[in-house]
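The lines below spell out each chain.
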Amino acid sequence: MIESSGAIPVVNAWNEWDTLQEVVVGSATGACFEPTEPGNRPQTRGAGAAPFPTGPKPAEAVDRANEQLAGLAALLTAQGVTVRRPSPHDFSQPVRTPAFEAENQYCAVCPRDVMITLGNEILEATMSRRARYFEYEPYRKLVYEYWDADPRVTWTVAPKPTMADAMYRQDFWEWPLEERHARMHDSEFCVTQDEVVFDAADMSRFGRDILVQESMTTNRAGIRWLKRTLEPKGFRVHPVHFPLDYFPSHIDCTFVPLRPGLVLTNPERPIRETERQMFTDNGWRLVDAPQPVLTNDDMPPYCQSSKWLSMNVLSVSPEKVICEEQEKPLQDLLYSLGFEVLTVPFRDVFEYGGSLHCATWDIRRDSTREDYFPAVSYRPAT
Ligand code: DAV
């Protein structure tokens, strides 16, 4: 039974770094290969590689990932953090709505993509892909438990988009790289602007300020919905862009806050100059991550994410960060910045699209809402 009488509400997280008390760690049980659909064209890595598989992942790949997820859960438990897990879900079931069909669903490895804690509120994202339409389901039992346990907890579900063919821009996948370069400031990707679309992992929390990346998985209508929903609650929502990332999806391999005043940045994906100013004007340091140990070609064959999963770290506190075991150059940088660094092996989770931050959803941190950007030029919702 969850305690509800504490000074800190059962659900309480205002940023990405304060001392972690309770977290959900994902699970690979029942995972399937992500199907090809208008919002996703998964490809096996390597020249002349076989077509991308469909249906359930092999038991051996699931077991390896689950072992590493259990290792992360054990490390967090040893740090005094309460760890929760998703409910079993049959991802091999097809999805059918009046507007579309998908041959199977995906997995519950990355709760970060779907669920976000914003203060004392749980928000379920719209999602952007058909196979992930019902991905909130493995987390609903937990949501009800938190919601039942403490009247201070609120729960918001974003409007579900149709995910009909017309919601997607099919030719996006055919654009040559030169065209992507020429259009890098347009922020037009595989989802059109007609419906509200966002994945939770495109957001990053900085107290009363929330960044939202415009991406393949979050459109401008999605950002507008977030602004209008969150600003009356006292948040300021800032759209951000990383123009050199031609396939942006989720902000947590690109711009990763580690403590007040410090963001780990991706040297190949600088933030738009005008958006950088909010940080420099408020005395924040942006520190580039070192090159990852793996190249993009070395990533697991079925992994659809980039080598920058290296910087997808999880903060246990403003002084302590969990980093993938083999990422020594990043560990050295974190030591030099004054962090205690904990490590776990996590490579076998990469083919499910995420590393340590993606595979978790922080429920409670010892955290209050603060203003880390007193000098900010800010445009409210339109
Ligand atoms: O850099 O490939 C991966 C994000 C996974 N949720 C990248 C982004």
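Above this text sits the structure in question.
This structure is a prediction, so every number in the text was calculated from the model and none was measured.

## Examining the pairing of strand S16 (residues 340-344)
Then, in step 1: With five bridges joining them, strand S15 (residues 320-324) and S16 adopt parallel strand pairing. Bridge pairing in S16 places Lys320 opposite Glu340.

## Some thoughts on the sheet that holds strand S11 (residues 255-259)
Then, in step 1: Spatial strand order, S11-S12-S13: three strands in an open sheet with mixed pairing. Only two strands of the sheet have a single neighbouring strand rather than two, namely S11 and strand S13 (285-288). Sheet twist, expressed as the mean angle between neighbouring strand axes with direction ignored, is 30 degrees.
Then, in step 2: Alignment of strand S12 (residues 262-265) against S13, held across four bridges, turns out to be parallel. If you follow Thr265 over to S13, its bridge partner there is Asp288.

## A word on the nonpolar core
Then, in step 1: Counting residues in hydrophobic clusters, the biggest one holds 51 residues, and the most contacted among them are Ile122, Leu123, Tyr146, Phe198, Met203, Leu226 and Trp361.
Then, in step 2: Elements represented by at least two residues in this core include exactly strand S5 (115-118), strand S6 (121-124), helix H2 (137-149), strand S9 (209-213), helix H4 (220-230) and strand S17 (360-365).
Then, in step 3: Among the nonpolar cores identified, the runner-up in size contains 28 residues, and Ala65, Val316, Ile322 and Cys358 belong to it.

Thresholds applied
- Residues numbered from 1 in each chain as written.
- Predicted model: local features only at pLDDT ≥ 70, side-chain atom pairs only at ≥ 80, totals over all residues.
- Heavy atoms only, no water.
- Pairing = 2+ DSSP bridges.
- Helix = DSSP H or I, 4+ residues; strand = E, 2+ residues; numbered from the N terminus.
- Axes fitted to C-alpha atoms, helices over the stretch in contact; angles between N-to-C directions.
- Core = buried A, V, L, I, M, F, W, Y, C linked by side-chain atoms within 4.5 Å.
- Buried < 20%, exposed > 50% of the residue type's maximum accessible area, 1.4 Å probe, protein only.

Function-wise, these values are silent; they only describe arrangement.
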